[in-house]
Number of protein chains: 2
Amino acid sequence: MGDSIESSQVESISPYGPARSTIQGEPLTDEELKKYNDWFKASLYLSLGMIYLRQNPLLKEPLSKEHLKARLLGHFGSCPGQIFTYMHFNRLIKKYDLDAIFISGPGHGAPAVLSQAYLEGTYSEVYPECSEDEEGLQKFFKQFSFPGGIGSHATPETPGSIHEGGELGYSLSHAFGAVFDNPNLIALTMVGDGEAETGPLATSWHSTKFLNPITDGAVLPVLHLNGYKINNPTILARISHKELESLFIGYGYQPYFVEGDDIETMHQAMAATLEHAVLEIRRFQQQARESGKAFRPRWPVIILRTPKGWTGPRKVDDKYLEGYWRSHQVPITDVHENEEHLQLLEQWMRSYEPDRLFPDGKLLPELRDLAPTGVRRMSANPVANGGLLRKPLKMPDFRKYALKVDRPAGTNGFSMANMARFLRDIMTMNQDNFRLFGPDETESNKLASVYEAGKKVWLGEYFEEDENGGNLATEGRVMEMLSEHTCEGWLEGYLLTGRHGLLNSYEPFIHVIDSMVNQHCKWLEKSLEVPWRAKISSLNILLTAVVWRQDHNGFTHQDPGFLDVVANKSPEVVRIYLPPDGNCLLSCMDHCLRSSNYVNVIVADKQEHLQFLSMDDAIVHCTKGIGIWPQFSTDQGGEPDVVMASCGDISTQESLAAVDLLLSHFPDLKIRFINVVDLFKLIPYTDHPHGLTDEEWVSLFTADKPIIFNFHSYPWLVYRLASKRPGANQNLHVRGYREKGNIDTPLELAIRNGTDRFSLAIEAIDHVPRLKNRGAAARDALKSAQIKARNEAFENGVDPPLLKNWVWPHTGLWKRRSESPVEMTDVIG
Amino acid sequence: MGDSIESSQVESISPYGPARSTIQGEPLTDEELKKYNDWFKASLYLSLGMIYLRQNPLLKEPLSKEHLKARLLGHFGSCPGQIFTYMHFNRLIKKYDLDAIFISGPGHGAPAVLSQAYLEGTYSEVYPECSEDEEGLQKFFKQFSFPGGIGSHATPETPGSIHEGGELGYSLSHAFGAVFDNPNLIALTMVGDGEAETGPLATSWHSTKFLNPITDGAVLPVLHLNGYKINNPTILARISHKELESLFIGYGYQPYFVEGDDIETMHQAMAATLEHAVLEIRRFQQQARESGKAFRPRWPVIILRTPKGWTGPRKVDDKYLEGYWRSHQVPITDVHENEEHLQLLEQWMRSYEPDRLFPDGKLLPELRDLAPTGVRRMSANPVANGGLLRKPLKMPDFRKYALKVDRPAGTNGFSMANMARFLRDIMTMNQDNFRLFGPDETESNKLASVYEAGKKVWLGEYFEEDENGGNLATEGRVMEMLSEHTCEGWLEGYLLTGRHGLLNSYEPFIHVIDSMVNQHCKWLEKSLEVPWRAKISSLNILLTAVVWRQDHNGFTHQDPGFLDVVANKSPEVVRIYLPPDGNCLLSCMDHCLRSSNYVNVIVADKQEHLQFLSMDDAIVHCTKGIGIWPQFSTDQGGEPDVVMASCGDISTQESLAAVDLLLSHFPDLKIRFINVVDLFKLIPYTDHPHGLTDEEWVSLFTADKPIIFNFHSYPWLVYRLASKRPGANQNLHVRGYREKGNIDTPLELAIRNGTDRFSLAIEAIDHVPRLKNRGAAARDALKSAQIKARNEAFENGVDPPLLKNWVWPHTGLWKRRSESPVEMTDVIG
């Protein structure tokens, strides 16, 4: 092959001219060159066909307006470069028997990948109506960007896709996620130069610092300097060669340039460059695997600079088209009205020789031979339909990790740290199938036990002090980079290729990835409609460092609103759990890790907590998702005066303390205590599969009694979910976070937001009719106690131990006792 | 001064040892060196004091546990490096009379900036109780990270801060926003190496491609290689020098390294390097300004590598502290329990010589002289209290841009393109005080008229075709980079320093910056409690490319849920408007641009639309925020059978079409039509200043009639806002987006989600008691018409022109007529 690296002295930043490339070489014979160019033409023809044609798919007749779609939609600009990359990689898949997938990063590149899937035969296999003949081709064209059809991104309907790319920025993190623990896989990843401007993409280049060349596969990024976005030049296409090259060396890559528009020399340059990159990858992997020593090589990146809309007309009338932003979407838009432009389009399409390349409506067999076969086709690689490869997680019995709860609310415990032991053992049992992801918060989130089973992957330099509690290793199970975007992208890529995982994050900063989670929900939802897509593991998100314990971080760290974002997504795919204590947390986590095709969100505090339920009770409670807690109720199954309800662990603690206060003032009060674990229990069953019927709602909450509901998040979410419930309009009184925060102790923060025990008790008094005339004294006493506690906190900087000398009974009806005090010492932590 | 650039041959990446720096030089005399080191010590002492002490602030007595805060909170790790940078820049502010602000990027660096504000005297000026004496110092210490006190970030309470940094990633984009149109300002910006891993930060380095050296100021970034995050090493501190240097050359900067821990040589190196950087900045600016030719220089960046927790003990017991992640937060945590550690802390604190440096409880006067005075102090620069400098926007009369509406719903118009003319003229009138921001969507969003007043700023390379419709210039008013994060960060920085602006974005992808908007809301909310902070211009967000018109982009582009995120924020600072037509859009935009201290969100379609209100009517309607539209109502002010309500322009169009359908079947039906512009009208007035009273609600919506509410966004938001309204529980039926999407025509998408005219009419029929026995035939007819329209769309790829031959009357009561047809031709666009 005779390739050689020359230092990049290429100074022009124009996409035009004969190929200029770092790697020299002409690996293609003349005959191959011709064939590859024919494949290129066939693909480009299909791309235009998808955008324009509803009839006459092979231009057997002269093109007329009647053959056009009434409304023209779709994007051409990035297709030529993507096709060019895909097809030349096929040669190497065949030559080296590579296991590879293609990730299409640039926006709206679907015609590029759809055309490849069609030419490789995969498309017709999964969608037989789009057969490899004129009729099938016509259907293939018509459905594109057409009502009821498929989109202009690599949507779930696209064979071979794990990355839709509707919202830009995640191609690389998805690619790295896909190759973790897939040592033979190469993810050939097109990165658009528009996409490259996004923050998530810009930082995801650093993923190589977390890639082990022995146990992981490789990502081969191809940065496509297509030159333009929708209406603007791209930054990376308009900086000097020196800056561009430096940038990628700085990111830790060896950049290989392929630049120009001259077809023949570009084919050779791309073929040679891709082959060099593949051989470099194999060399690095071999070196690491044979020596058993993982290291961070200077991985190859290809920088492909071609004109946007390459091979289209450079100008239409006086306006630049090819090599300009005008080729971004439908390249010639007025073909319905402008006869001359219609002819220009026909001439352009015929320049791709559909008659010669699809003689019987089907691609010439000798061209088809250019593609790999079976699962080696990137459009048919089962890795991109990860559910097919998914093995259930091996899991220990979560009951083994139970916190001992002899007496409800009788003991304190660290729910999170305890659950971490469960995660640790899952990690041990699934050393190539499960990873924990998080932005540098795993230890802070009290999950450090997992490091016993899998250290933090780190391929950066090591210092002496790393031995002193660093928990770093070149091989591990925990992925920590201070980029929620990258962690989430990695996890999504890991799941989409058939594995299991969990993201842990501070609650407020999960909003950083609202949009990514939205997009993943949409992917899951749409995948349900695609019969050949197998279900993948759920995306599990564990939120802690919760709003109510942000005493030192203050206002910026107080936002429990991620639940509102998730609750807007399709009920088919979203689940939200707020376990009230440690055993419920275990039960929920077990459930979520076994599930598939959901986005599961679990919210739990990481600090010390009162424990309420034994493991057996917790399982029953979590399985129901909502329930009356008779051990904290005094209505003895009869009619209550008031329903005290809670959702969230800290909220539950305060609600129960309110029950205690109420009973200390009104020992005869009939209280029903309800706890909600599964938030979607609140919504009507017609709106979510977990929802209660109205009958069930009434049997729990009653239709006419006041409900004092203490909620972890913004109160309005409960109002929204329960808005149609009988009596909710009048009886439901929800307390939650209302953006009233500061540097506060937990109690002070609760008081500011009205979610503390005193406020809850007062609210109950205000709504129970029979306390109307009896309540004033109690109200005053509660108010005084609240002020006293508040002042004490202000004075000392910590909350007074409010539950001192209070005892919760073992079981049965509520009874206030005074022996065996339980101290709530510094649960603030 | 004798500094000289040496190519960075520094190969060690250890933070220890004598200074290694790109710039050589010893600008400080021995006496200066001593003084600066004394300042450094004084600052470090204050930093520790804030974390530990509630009494004995100057250690006049031996340190005992009683002097400590009961709960230790706060972060020390990044403080030394930040102080070091701040204080050495002070020398240059004085020497060159610089106008500068300091932006603290690293997480939890508040003690660094608070100590500087205190030492410069600013703190005592704005908070007289924290006076410059022992008593004031004690208060200054106690309030830090203490209930009711101030946080461990540079919160709004911090003089000189425009950047809190609770959530990481935005320091640089804020800094660039601050210096746009501030030609003499330098924003000295510390970027944490943890923060540098975030996506938003990683891409914001490219901001120099949008910085004009003539009309804008300069950002001097100091990347602080502090080495560690909470529990992990940082990526940039663990890559080779070559990679690090390349990365910043690639980003377009000239990196200057300052590395080491040896105090004396580090002082000299930092002083020399900062001075070199300042002179470079001035040289570039001078060159551009004198030649009148803007160019993109290789701006300086300083890479400061010092140990985390620098000057603290390297080890405590056997554990690394300084130069390790353990110094991140409270460096020695167990001083309450461990007498030995308490002594170590005392020894450490005394090593900073508080007795000598604060002889009478006040900093030695000769040290105070190191700081600039008055507004030259970075802690007192009015730029960082932008409201002080804010000039009202000069605005033309928005009524001049009115769309002519002689007959309600009688004409079509492009609301957005029309409003763009208003923006264009605002731009013309405020050429250094207003900018439009957006991620490459301004033209797509039909706002291109603005380019007549201000082109897109572009300091990258230019190509020949840019003249052919590129609208690029080195000086301009429109900021477009494909990073919502960077655009939002720029805008925030621009507003926080006293100017005006607007962000435009596709509706679905605004979720990308959910968390940034959350944080900005919190900044605004908290600022209201800080008496010396003047109000800044509102953050205005214009959302278009709305969910209902995503026919070609499909499911990934359908998410109207940003409103839910915003609605959770404090009612003091959030406003949401959904103008139903072009004149209302003008009125809302005018209102928002005049306002201050809000986050205003305006949602409007960019495609052609029916126009409903004349300008006079629009002003009245928008001023009320909600109202009955008598011209589309048939209840003649009496009791309606049904209330048809809408919020959102497309939703309004469909609702009105439903009214038309209903009346065609039931000419005697009493319909009341209500439109909502100001979403917060729906919430009780007790929860938001815009909210209606229940009496007002009932006078509009009635307490007992069915309300068919067509909403732009997810229906649950309306349920939530109106959950407590009389009768809402039973009568309110909200339609909106329910995550049911695909590649659909607008009508098909509406039908899938139940928000189309047919579904709305059917729902109305189902809920009006007196139609119970009369409704079946109409229901069937509507269903058939729906199916017919749907099939037509599927066949042709476009919606049938459903409003053909329909006419809306000029005024007064509804009457169906057949003359002068209005065609809804391709409003799909």
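Residues numbered from 1 in each chain as written. Chains lettered and ligands numbered in written order. Predicted model: local features only at pLDDT ≥ 70, side-chain atom pairs only at ≥ 80, totals over all residues. Heavy atoms only, no water.

In the nomenclature of an unreviewed UniProt entry, chain A is known as Phosphoketolase-like protein of Chaetomium thermophilum. Taken verbatim from the UniProt record of chain A, the Cofactor (unreviewed entry) comment is "thiamine diphosphate". The UniProt entry for chain A carries the following text under Sequence similarities (unreviewed entry): "Belongs to the XFP family." (UniProt positions renumbered as here; feature names shortened; annotations may be inferred.)

Draft legend 1. Just the overall build of chain A, in detail. For chain A, the count of helices and strands is 25 helices and 23 strands. Along the first, second and third principal axes, the C-alpha set of chain A runs to 95 × 65 × 45 Å. For chain A, the residues scored as buried account for 72% of the 829 residues in total. Within chain A, contacts between residues at least 6 apart in sequence are counted, and of these 78% link residues at least 24 apart. Summing over all exposed atoms, chain A offers an accessible surface of approximately 23,600 Å²; the carbon and sulfur share of this is 49%. Between the mean site of the 84 positive side-chain charges and the mean site of the 107 negative ones, chain A shows a separation of 4 Å. (Helix = DSSP H or I, 4+ residues; strand = E, 2+ residues; numbered from the N terminus. Buried < 20%, exposed > 50% of the residue type's maximum accessible area, 1.4 Å probe, protein only. Contact = heavy atoms within 4.5 Å. Areas by Shrake-Rupley, 256 points an atom, 1.4 Å probe, with all protein chains shown as cover. Lys, Arg positive; Asp, Glu negative; His and termini not counted. Charge placed at Lys NZ, Arg CZ, Asp CG, Glu CD.)

Draft legend 2. Here's a closer look at the interface of chain A and chain B. The interface is formed by 147 residues belonging to chain A together with 147 residues belonging to chain B. Taken together, both faces of the contact between chain A and chain B bury some 11,600 Å²; the carbon and sulfur share is 52%. Together, Arg 71, Arg 238 and Asn 729 of chain A form the three largest contributors to the area buried by chain A at its contact with chain B, with a combined 7%. The interface formed by chain A and chain B holds 18 salt bridges in total. In this structure, Lys 569 of chain B engages Glu 739 of chain A in a salt bridge whose closest nitrogen and oxygen atoms are separated by 2.9 Å. In this structure, the connection of chain A to chain B is made through 77 residue pairs in polar contact (both at pLDDT 80 or more). (Buried area = accessible area lost by both parts, 1.4 Å probe. Salt bridge = Lys/Arg side-chain N within 4 Å of Asp/Glu carboxyl O. Polar contact = N/O pair within 3.5 Å; in protein donor to acceptor, adjacent residues only side chain to side chain.)

Draft legend 3. Region of interest: the relation of the copies chain A and chain B. Structural alignment of chain A on chain B gives an RMSD of 0.0 Å, achieved by rotating through 180 degrees and translating 0.0 Å along the axis. When the rotation and shift are considered jointly, the pair of chain copies conforms to a two-fold rotation axis. (Least-squares fit on C-alpha atoms with pLDDT ≥ 70 in both.)

Draft legend 4. Representation of the sheet that holds strand β6 (residues 299–305) of chain A within the structure. Residue and element names in this part refer to chain A. Ordered by their spatial adjacency, 6 strands build an open sheet running β1-β5-β6-β4-β3-β2, and the pairing between neighbours is mixed. Of all the strands in the sheet, just β1 (20–21) and β2 (99–104) have a single pairing partner and so form its edges. One ladder, built from 4 bridges, connects strand β4 (residues 218–225) with β6; its direction is parallel. Paired with Leu 223 across the two strands is Ile 303, which belongs to β6. Strands in contact with helix α6 (residues 171–179) are β2, β3 (185–192), β4 and β5 (253–259); relative to β3, the strand with the most contacts, it is inclined by about 175 degrees. Against the sheet, helix α9 (residues 263–291) makes contact with β1, β3, β4, β5 and β6, and its axis sits at roughly 165 degrees relative to β6, the strand it touches most. (Pairing = 2+ DSSP bridges. Axes fitted to C-alpha atoms, helices over the stretch in contact; angles between N-to-C directions.)

Draft legend 5. Broad picture of unusual backbone geometry. All names here are of chain B. The phi angle at Lys 446 is positive, at roughly 65 degrees, despite the residue not being glycine. The residue Lys 446 is located in the loop between β10 (434–438) and β11 (456–457) in this model. Unlike most non-glycine residues, Glu 739 shows phi in positive territory, near 60 degrees. You can see Glu 739 is positioned in the loop between β23 (732–735) and α23 (746–753). Residue Glu 739 is classed as buried on the basis of its relative accessible area, which comes to 2%.

Draft legend 6. Focus on the environment of Lys 606 of chain B. All names here are of chain B. For Lys 606, the position within the fold is in the loop between β17 (599–603) and β18 (608–611). By relative accessible area, which is 8% here, Lys 606 ends up buried. Excluding its chain neighbours within four sequence positions, the residues that come into contact with Lys 606 are Phe 414, Met 416, Ser 444, Asn 445, Lys 446, Tyr 506, Thr 544 and Ala 545. A distance of 3.3 Å separates polar atoms of two side chains, one belonging to Lys 606 and the other to Asn 445.

Draft legend 7. Spotlight on helix α17 (residues 582–594) of chain B. Residues and elements named next belong to chain B. With 13 residues, α17 should cover 18 Å at 1.5 Å per step; its first-to-last C-alpha distance of 19 Å lies within 8% of that length. Buried residues of α17: Gly 582, Asn 583, Cys 584, Leu 585, Leu 586, Ser 587, Cys 588, Met 589, Asp 590, Cys 592 and Leu 593, and no others. Residue Asp 581 occupies the N-cap position of α17, its side-chain oxygen lying 3.4 Å from the main-chain nitrogen of Asn 583. (Expected span 1.5 Å × (residues − 1).)

Draft legend 8. Highlighting the packing of aromatic side chains. Counted according to the given criterion, the structure contains 71 aromatic pairs over all chains. Relative to Phe 141 of chain A, the ring of Phe 140 of chain A lies with its centre 6.2 Å away and its plane at 40 degrees, an arrangement referred to as tilted. As far as the burial class goes, Phe 140 of chain A and Phe 141 of chain A line up, both buried. Judged by centre distance (6.0 Å) and plane angle (65 degrees), the ring pair of Phe 437 of chain B and Tyr 494 of chain B falls under edge-to-face. Remark: Tyr 494 of chain B occurs in helix α14 (residues 484–496) and Phe 437 of chain B occurs in strand β10; sequence separation between them is 57 residues. Here the aromatic cluster, defined as three or more aromatic residues joined through ring pairs, consists of Trp 205, Phe 248, Tyr 251 and Tyr 253 of chain A together with Trp 205, Phe 248, Tyr 251 and Tyr 253 of chain B. The side chain of Arg 575 of chain A reaches across the aromatic face of Tyr 598 of chain A, ending 4.1 Å from its centre. (Phe/Tyr/Trp six-rings, centres within 6.5 Å; stacked < 30°, edge-to-face > 60°. Lys NZ or Arg CZ within 6 Å of the ring centre and 35° of its normal.)

Draft legend 9. The domain arrangement of chain A, seen in detail. All names here are of chain A. Assigned domains within chain A: domain 1 (36–57 + 64–385), domain 2 (398–608) and domain 3 (628–818). Roughly 3,300 Å² of surface becomes buried between domain 2 and domain 3 when both sides are summed, with 63% attributable to carbon and sulfur atoms. It is Trp 548, Leu 578 and Pro 580 in domain 2 that bury the most area against domain 3; as a group they hold 25% of the surface buried on that side. Linking domain 2 to domain 3 there are 0 salt bridges. Seen at the junction of domain 2 and domain 3, the total is 14 residue pairs in polar contact (both at pLDDT 80 or more). Mapped onto the side of domain 2 that touches domain 3, the elements with two or more residues apiece are α16 (562–567) and β16 (574–577). Looking at which element gives the most residues to the side of domain 2 that touches domain 3, the answer is β16, with 4 residues. (Domains from an automatic or database assignment.)

Draft legend 10. Geometry of the environment of Asp 355 of chain B. Looking at the secondary structure, you find Asp 355 of chain B in helix α11 (residues 354–357). When the C-alpha positions of Asp 355 of chain B and Leu 59 of chain B are compared, they lie 7.7 Å apart, and in sequence the two are 296 residues distant.

Draft legend 11. The pattern of salt bridges, seen in detail. For the coordinates displayed, the defined rule picks out 98 salt bridges over all chains. Taking the shortest distance from any N to any O, the salt bridge between Arg 738 of chain A and Asp 687 of chain B comes out at 3.6 Å. Remark: Asp 687 of chain B occurs in the loop between β21 (671–676) and α20 (694–701) and Arg 738 of chain A occurs in the loop between β23 (732–735) and α23 (746–753); the pair is interchain, linking two chains. A relative accessible area of 25% means that Asp 687 of chain B is categorised as partly exposed. Taken together, the shared-partner salt bridges in this structure form one network comprising Lys 34, Asp 38, Lys 41, Glu 353 and Arg 356 of chain A.

Draft legend 12. Fine view of the side chain of Ser 207 of chain A. When you line up the elements, Ser 207 of chain A lands in the loop between α7 (199–204) and β4. Once residues within four sequence positions are removed from consideration, Ser 207 of chain A is found in contact with Phe 176, Thr 486 and Trp 490 of chain A.

Draft legend 13. Summary view of the confidence of the model for chain A. All names here are of chain A. For chain A, the average pLDDT comes to 93, and 95% of its residues sit at 70 or higher. When the criterion is pLDDT under 50, residues 1–9 qualifies, and its contacts beyond four places in sequence or with other chains add up to 21 contacts. Here residues 809–829 is modelled with pLDDT under 50, and outside its nearest four sequence neighbours on either side it reaches 65 contacts, counting other chains as well. (pLDDT = per-residue confidence, 0-100.)

Draft legend 14. Seen up close, the sheet that holds strand β19 (residues 626–628) of chain B. Residue and element names in this part refer to chain B. Reading across the sheet, the 5 strands line up as β19-β21-β20-β22-β23 and stay open at both edges, with mixed pairing between neighbours. Both edges of this open sheet fall to β19 and β23, since each of them pairs with a single strand only. Strand-to-strand twist in this sheet, taken as the mean axis angle between neighbours without regard to direction, amounts to 20 degrees. Where strand β20 (residues 642–647) and strand β22 (residues 707–711) come together, 5 bridges link them in parallel fashion.

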